[in-house]
Amino acid sequence: TMFIYGKEETWTSWLGIELGFCIPQGHKWLGVYQTRPCRVMLIQTEQAEHIYQKRIIKFARNVNGTFPSAELLLATDLSLKLDNAFGLGLMEQALIEWRPAVVILDNLYHLMSGAVADEVDAKRFTDGLDRLKQKYSVAFVIIHHPRKIQQGETATDPEDIENMFGASSFRWWADTVMRVTEVNREQDIYRLTFQKTKNAENRVPPIRVKANRATVRVQVC
């Protein structure tokens, strides 16, 4: 289970799309992290389908002219909630029909009918996905956002994992947590920091990436 989180306009959704295109072909994500070819399902829950479709078409035109349509399923569902039995049932049916090895969910906030910061609601979400992970041998990548500094609160270290918004159980539950922070807004340069890598044999160093608005690709700089 992996979280990719960052403020709005830090290209978190594009990083998820980039990952979704890389995995089916076994390409290196961002040119750095090796993937193993397998089937991927990417579900976005924030934009209307026709808007998201334009985003994907623009991205696909700049991926060596190829689109891994046979192994990548893109879906839009603005009403999907994974902290209740009905939504988890829909997800399970999709897993049975499509059999992906990786599911990318964009984003956590829209996937919960309850409160992201509530431990009980969070537990329903994590317990449900744990059951699906075990039953169908599927990994989940979840796009998320950082918490906002409250009035009167001292700003915390941006590299602190406590900055990830929501119940603390999400941080304990995750195997990997990547934080995206802005380095230079004008040049679209961002820092990717692995705040948690439970299963990594070695420390995973941070990297800097540059986003290209013309091609909507993100590459190491």
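Before going into details, it helps to say that this report is about the structure given with it. (Residues numbered from 1 in each chain as written. Predicted model: local features only at pLDDT ≥ 70, side-chain atom pairs only at ≥ 80, totals over all residues. Heavy atoms only, no water.)

**Details of the overall build of the chain**
Filter applied, for reference: Strands are runs of DSSP state E lasting at least 2 residues, helices are runs of H or I lasting at least 4, and numbering of each runs from the N terminus. For the radius of gyration, the atom set is restricted to C-alpha positions; the globular benchmark scales as 2.2 Å times the number of residues to the power 0.38. For every residue, the accessible area (1.4 Å probe, protein chains only) is compared with the maximum for its type, and the residue is labelled buried under 20%, exposed over 50%, or partly exposed between those bounds. It only takes one pair of heavy atoms within 4.5 Å for two residues to be counted as in contact. Only the protein chains shown count as cover for residues, and the accessible areas themselves come from Shrake-Rupley with a 1.4 Å probe. For this count, His and the chain ends are skipped, Lys and Arg are scored as positive, and Asp and Glu as negative. In plain terms, the charge of a residue is placed at NZ if it is Lys, CZ if Arg, CG if Asp and CD if Glu.
Along the backbone of the chain there are five helices and nine strands. For the chain, the succession of helices and strands along the chain, N to C, is β-α-β-α-β-α-β-α-β-α-β-β-β-β. Against the compact-globule benchmark of 17 Å for 221 residues, the chain has a radius of gyration of 17 Å, which places it among compact chains. Taking the principal axes of its C-alpha atoms as reference, the chain extends roughly 45 × 45 × 40 Å. Residues classed as buried in the chain amount to 48% of the 221 residues present. Across the chain, every contact between residues at least 6 apart in sequence was considered, and the portion connecting residues at least 24 apart equals 64%. Looking at the chain as shown, the accessible area adds up to about 11,400 Å², and 50% of this sits on carbon and sulfur atoms. When the 28 positive and 26 negative side-chain charges of the chain are each reduced to one mean point, those points stand 4 Å apart.

**Some remarks on the pairing of strand β4 (residues 102-106)**
We apply this condition: At least two DSSP bridges between two strands are needed for those strands to be called paired. Think of it like this: strands point away, you trace from the first strand over the helix to the second, and a clockwise trace means the crossover is right-handed.
Counted residue by residue, β4 has five buried out of five residues, so it is predominantly covered. Bridge analysis of strand β2 (residues 40-44) against β4 gives five bridges, and the strand direction is parallel. By the bridge assignment, V40 is partnered in β4 with V102. Sheet topology places β4 next to strand β5 (residues 139-144); five bridges connect them, and they run parallel. Bridging across to β5, I104 finds its partner in V141. Taken together, β4, helix α4 (residues 119-136) and β5 constitute a β-α-β crossover, and its handedness is right-handed.

**Description of the nonpolar core**
For the record, the criterion: By nonpolar core we mean a set of buried residues, namely Ala, Val, Leu, Ile, Met, Phe, Trp, Tyr and Cys, connected to one another through side-chain atoms within 4.5 Å.
The biggest cluster of nonpolar side chains holds 36 residues, and the ones touching the most others in it are I4, L15, I17, F21, W29, L30 and L192. With seven residues, helix α1 (residues 12-25) is the single largest residue contributor to this core. Here I4 is in contact with T12, L15, W29, V141, I142, I143, H144, M178 and V180, once residues within four sequence places are set aside. Grouped together as the second largest cluster of nonpolar side chains are 30 residues, V103, L111, F140 and V177 included.

**Some points on the sheet that holds strand β7 (residues 189-197)**
Going by this rule: Whenever a helix is involved, its axis is fitted only over the stretch in contact; in every case the axis is a line through C-alpha atoms, and angles between N-to-C directions fall within 0 to 180 degrees.
Strand order in the open sheet formed by nine strands is β3-β2-β4-β5-β1-β6-β7-β8-β9, and the pairing between neighbours is mixed. The sheet is open, and its two edges are formed by β3 (72-76) and β9 (217-220), each paired on a single side. Across the sheet, the mean angle separating the axes of adjacent strands is 20° when strand polarity is ignored. Where β2 meets β3, five bridges bridge the pair, whose relative direction is parallel. From the neighbouring strand, V40 faces β3, where its bridge partner is L72.

**Focus on the side chain of S169**
Heads up, the rule is: Contacts described as polar in this section are N or O atom pairs within 3.5 Å, which, within protein, must combine one atom able to donate a hydrogen with one able to accept it, while residues neighboring in sequence count only if both atoms come from side chains.
With respect to the element layout, S169 can be found in helix α5 (residues 168-173). At a separation of 3.1 Å, a polar atom in the side chain of S169 contacts the side chain of E119. Excluding its chain neighbours within four sequence positions, the residues that come into contact with S169 are E119 and A122.

Just distances and angles here, no functional claims.
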